[in-house]
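Structure at a glance
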Amino acid sequence: MQEESYRHKGLRQKLVASLRKKGITDERALAAMDVVPRHFFLDSAFADLAYDDKALPIEREQTISQPYTVAFQTQLLEVKKRDRILEIGTGSGYQAAILGTMGARVFTVERQEQLYHQAKKLLAEMNFSNIRCYFRDGTKGLPEFAPYDKILVTAGATEVPQALLDQLKIGGWLVIPLGRRSQKMMRIIKKTENEYVEEDWGDFRFVPFIGGTEPE
Ligand code: SAH
């Protein structure tokens, strides 16, 4: 784990102010982003860039999402304390840490074993007892802890996995970026066992959502 300093704290406050200017209004999401040290989730070579509003590389050719995207997806989730949230695509673990800081019970799955190990270790060192990490293919969800209040996919999918819809509570929703080269941020609300309402929240760009797992 890296060092935390007043300088980092100041940079985070500036980042949060810029997210507010860009239209993020969820004060609880902003408060979480104000306290979680994003530089902990990056290689020390990128620590100085951690509070720019940019996606950055992590291991295995993956990325930590841009802070604006994290804030936007978190806002769409309308996180309530003790919500059961399934995240697909742990990556660095940063998004999970934001949800965990907001008091959600977080289940997060990652298909790259190396990323899974790193994120699990870091989140444990940071004392997140409400975040559980799994090395899994997220196209299948995480059926043993279903149903979830909310499900968040943080990679770009070309279709909505039925397993994720099945693992949602009635009245819950799935936030998923859909599309090939760029993605539409979709929020799919489960009204009844087989009725859904879809909302389109605009264009984003994610690394691809891929089936199967990759061992270390
Ligand atoms: N939420 C992450 C973003 C990481 S990028 C963060 O805050 O850092 C998206 C991640 O989704 C990548 O790590 C990628 O390996 C993972 N991913 C892609 N397809 C997946 C799948 N089918 N199951 C689980 N994880 C997947």
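As shown above, the structure is provided for reference.
Residues numbered from 1 in each chain as written. Predicted model: local features only at pLDDT ≥ 70, side-chain atom pairs only at ≥ 80, totals over all residues. Heavy atoms only, no water.

This brings us to the sheet that holds strand 5 (residues 131–135). Taken in spatial order, the seven strands make up an open sheet running 5-4-3-6-7-8-9, and their pairing is mixed. The sheet terminates laterally at strand 5 and strand 9 (195–204), the two strands that pair on one side only. Pairwise comparison of adjacent strand axes, ignoring direction, gives a mean angle of 15° for this sheet. Here five bridges tie strand 4 (residues 105–110) to strand 5, and the two strands are oriented parallel to one another. What sits directly across from T108, in strand 5, is C133. Along the sheet, helix 3 (residues 67–77) makes contact with strand 3 (84–88), strand 6 (148–153), strand 7 (168–178), strand 8 (183–192) and strand 9, crossing strand 7 at roughly 160°. (Pairing = 2+ DSSP bridges. Helix = DSSP H or I, 4+ residues; strand = E, 2+ residues; numbered from the N terminus. Axes fitted to C-alpha atoms, helices over the stretch in contact; angles between N-to-C directions. Contact = heavy atoms within 4.5 Å.)

Right, let's get into the site of the ligand. In the vicinity of the ligand lie 27 residues, with E87, S92, E110, G138 and I210 positioned nearest. At 3.1 Å from a nitrogen atom of the ligand is found a side-chain nitrogen or oxygen belonging to D137. Residue T154 places a side-chain N or O atom 3.1 Å away from a nitrogen atom belonging to the ligand. Bound to the protein, the ligand loses 99% of the 580 Å² it would expose on its own. Class assignment of the residues belonging to the shell around the ligand gives a composition of 10 nonpolar, 12 polar and five charged. (Near = heavy atom within 4 Å. Polar contact = N/O pair within 3.5 Å; in protein donor to acceptor, adjacent residues only side chain to side chain. Areas by Shrake-Rupley, 256 points an atom, 1.4 Å probe, with all protein chains shown as cover. Nonpolar A, V, L, I, M, F, W, Y, C, P; charged D, E, K, R; others polar.)

The residue after A146, namely P147, is reached through a cis peptide bond having omega 5°. Its location among the elements puts P147 in the loop between strand 5 and strand 6. Its identity as a non-glycine residue notwithstanding, R60 has a phi of 60°, on the positive side. Among the secondary structure elements, R60 is positioned in the loop between strand 1 (56–57) and strand 2 (63–64). Backbone geometry at E61 places phi at a positive 60°, although glycine is not the residue there. Looking at the element boundaries, E61 is found in the loop between strand 1 and strand 2.

Moving on, we get to the nonpolar core. If you look at the biggest cluster of nonpolar residues, it comprises 48 residues, and the most contacted ones within it are L19, M33, F41, Y94, I98 and L123. Here the element with the most residues in this core is helix 3; it accounts for six residues. Beyond its immediate stretch of four places on either side in the chain, L123 contacts F41, G93, A96, A97, F128, I131 and C133. Counting residues in each nonpolar core, the second largest holds 19 residues, with V109, Y148, L165 and M186 among its members. (Core = buried A, V, L, I, M, F, W, Y, C linked by side-chain atoms within 4.5 Å. Buried < 20%, exposed > 50% of the residue type's maximum accessible area, 1.4 Å probe, protein only.)

A few words now on the pairing of strand 7. In terms of strand pairing, strand 6 meets strand 7 through four bridges, oriented parallel. The partner of L152 across the bridge, within strand 7, is V175. As paired strands, strand 7 and strand 8 are joined by six bridges and run antiparallel to one another. Note that in strand 8 the partner of P177 across the bridge is M185. Between strand 7 and strand 8, which pair antiparallel one after the other, the connecting turn spans four residues, and G179 there sits at a positive phi close to 145°.

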